[in-house]
Structures are given as structure tokens and as C-alpha cells.
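A structural walkthrough
Residues per chain, in single letters:
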Amino acid sequence: MNSFFIRPGYKSDHDLIEFSGDHRSDDFPDVFYILKNALKPSIIIMEDYVTDDYVWVFEFESGIFELNDDWGGLFIIPKTNHKKVINQISKTLVSSGSFKDIQVDTSKYT
């Protein structure tokens, strides 16, 4: 099973979600699809990408977040209602049956 963890953002007071594993492999679940279908966002915008970095901004009932897909990993970065967005997305990912939430030592990310 694939996994994700919640950790502090770099030089930030807010958490983000980081996915474990090779998010660009053929057998990695389509996080965009999972979030789009479960959260029913009112707006999804793809920002201009650089090389092979992709950023989508989702606006849904609980708030706004970025889905950031770059060479270094796959991240979900809340932009509003940080705790509420993290909680809703975490529940959505686990309930999809494709992911489990793992606990990490958050002191490594300060």
C-alpha cells in the first residue's frame, strides 16, 4: 500500500502532506483523480509549469490547496484553512483505499 505523511512545511508554521514512493511510476495511484472525484472542487487551475514540475490549485468547500508534482516528490500544500484542509484530504486519501497515513518525526522538518 502507498503512504503519505503530514509534516511541517519548510520555514512555515503550517503542515503539508508529502507522499512516499515514486509518485511518477505507473502503479502509483492518481492523486489528482482521487481528490477531484472525492472533494468535488469548484475550481481547479493548472499553474504554468517549469520543466517537469506541475502545480494545480484546487478550491473546494473546506479551502484552497496546491497539488505540487515535481521531480523531488508529490506534495499537498494548503493555502487556506490549513488544519481543516489537511484533515479533509487525509481522510479522503485513506478512505480511497490506496493510501495509509504514516507517522513521522516532525522535528526533522523544522
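From a predicted model like this one, the values you see are computed outputs, not experimental measurements. (Residues numbered from 1 in each chain as written. Predicted model: local features only at pLDDT ≥ 70, side-chain atom pairs only at ≥ 80, totals over all residues. Heavy atoms only, no water.)

With that out of the way, let us pick up the pairing of strand 1 (residues 2–8). Taken across its 7 residues, strand 1 has 5 buried, putting it largely inside the fold. Strand direction decides the pairing type here: strand 1 and strand 7 (residues 99–101), joined by 3 bridges, are parallel. Considered in strand 7, the bridge of Asn-2 is made with Phe-99. Judged from the 5 bridges that link them, strand 1 and strand 2 (residues 15–19) form a sheet pairing that is antiparallel. Looking across to strand 2, one finds that Ile-6 is bridged to Ile-17. Counting the residues in the hairpin turn of strand 1 and strand 2 gives 6 residues, including Lys-11, whose phi is positive at 50°. (Buried < 20%, exposed > 50% of the residue type's maximum accessible area, 1.4 Å probe, protein only. Helix = DSSP H or I, 4+ residues; strand = E, 2+ residues; numbered from the N terminus. Pairing = 2+ DSSP bridges.)

Residue placement: Pro-78 occurs in strand 6 (residues 73–78). The exposure class of Pro-78 is buried, given its relative accessible area of 4%. What Pro-78 contacts, discounting residues up to four positions off in sequence, is Asp-15, Leu-16, Ile-64, Phe-65, Val-85 and Ile-86. (Contact = heavy atoms within 4.5 Å.)

A word on helix 2 (residues 82–95). The end-to-end C-alpha separation of helix 2 is 20 Å, in line with the 20 Å expected for 14 residues at 1.5 Å each. Along helix 2, the positions that sit buried rather than exposed are His-82, Val-85, Ile-86, Ile-89, Ser-90, Thr-92 and Leu-93. Summarising the axial view, the buried residues of helix 2 lie within an arc of 165°, below the 170-degree limit, and thus occupy one face. The exposed residues of helix 2 that point more than 90 degrees off its buried face are Lys-83, Lys-84, Lys-91 and Ser-95. Of the residues flanking the end of helix 2, it is Gly-97, one or two places downstream, whose phi is positive at about 80°. (Expected span 1.5 Å × (residues − 1). Arc of directions from axis to C-beta.)

This paragraph deals with the side chain of Arg-7. On the secondary structure map, Arg-7 appears in strand 1. Judged by its relative accessible area of 12%, Arg-7 falls in the buried class. Within the structure, the side chain of Arg-7 is placed 2.6 Å from the side chain of Glu-18, a separation counted as a polar contact. Setting aside its immediate chain neighbours within four residues, Arg-7 contacts His-14, Asp-15, Leu-16, Glu-18, Phe-75, Thr-106 and Tyr-109. (Polar contact = N/O pair within 3.5 Å; in protein donor to acceptor, adjacent residues only side chain to side chain.)

As a further point, take the side chain of Asp-69. As for its placement among the helices and strands, Asp-69 is situated in strand 5 (residues 63–70). The class of Asp-69 is buried, set by a relative accessible area of 13%. Within polar-contact distance, the side chain of Asp-69 engages the side chain of Arg-24 at 2.7 Å. Leave out the neighbours within four places in its chain, and Asp-69 touches His-23, Arg-24, Asp-52, Asp-53, Tyr-54, Trp-56 and Leu-74.

In this structure, Phe-19, Val-31, Leu-35, Phe-65, Ile-76, Ile-89 and Leu-93 are the most contacted members of the largest nonpolar core, which totals 20 residues. Elements that contribute at least two residues to this core include exactly strand 2, helix 1 (31–39), strand 4 (54–60), strand 5, strand 6 and helix 2. Apart from the residues within four sequence positions on either side, Ile-76 is in contact with Leu-16, Ile-17, Phe-19, Val-31, Leu-35, Phe-65, Glu-66, Leu-67 and Ile-89. (Core = buried A, V, L, I, M, F, W, Y, C linked by side-chain atoms within 4.5 Å.)

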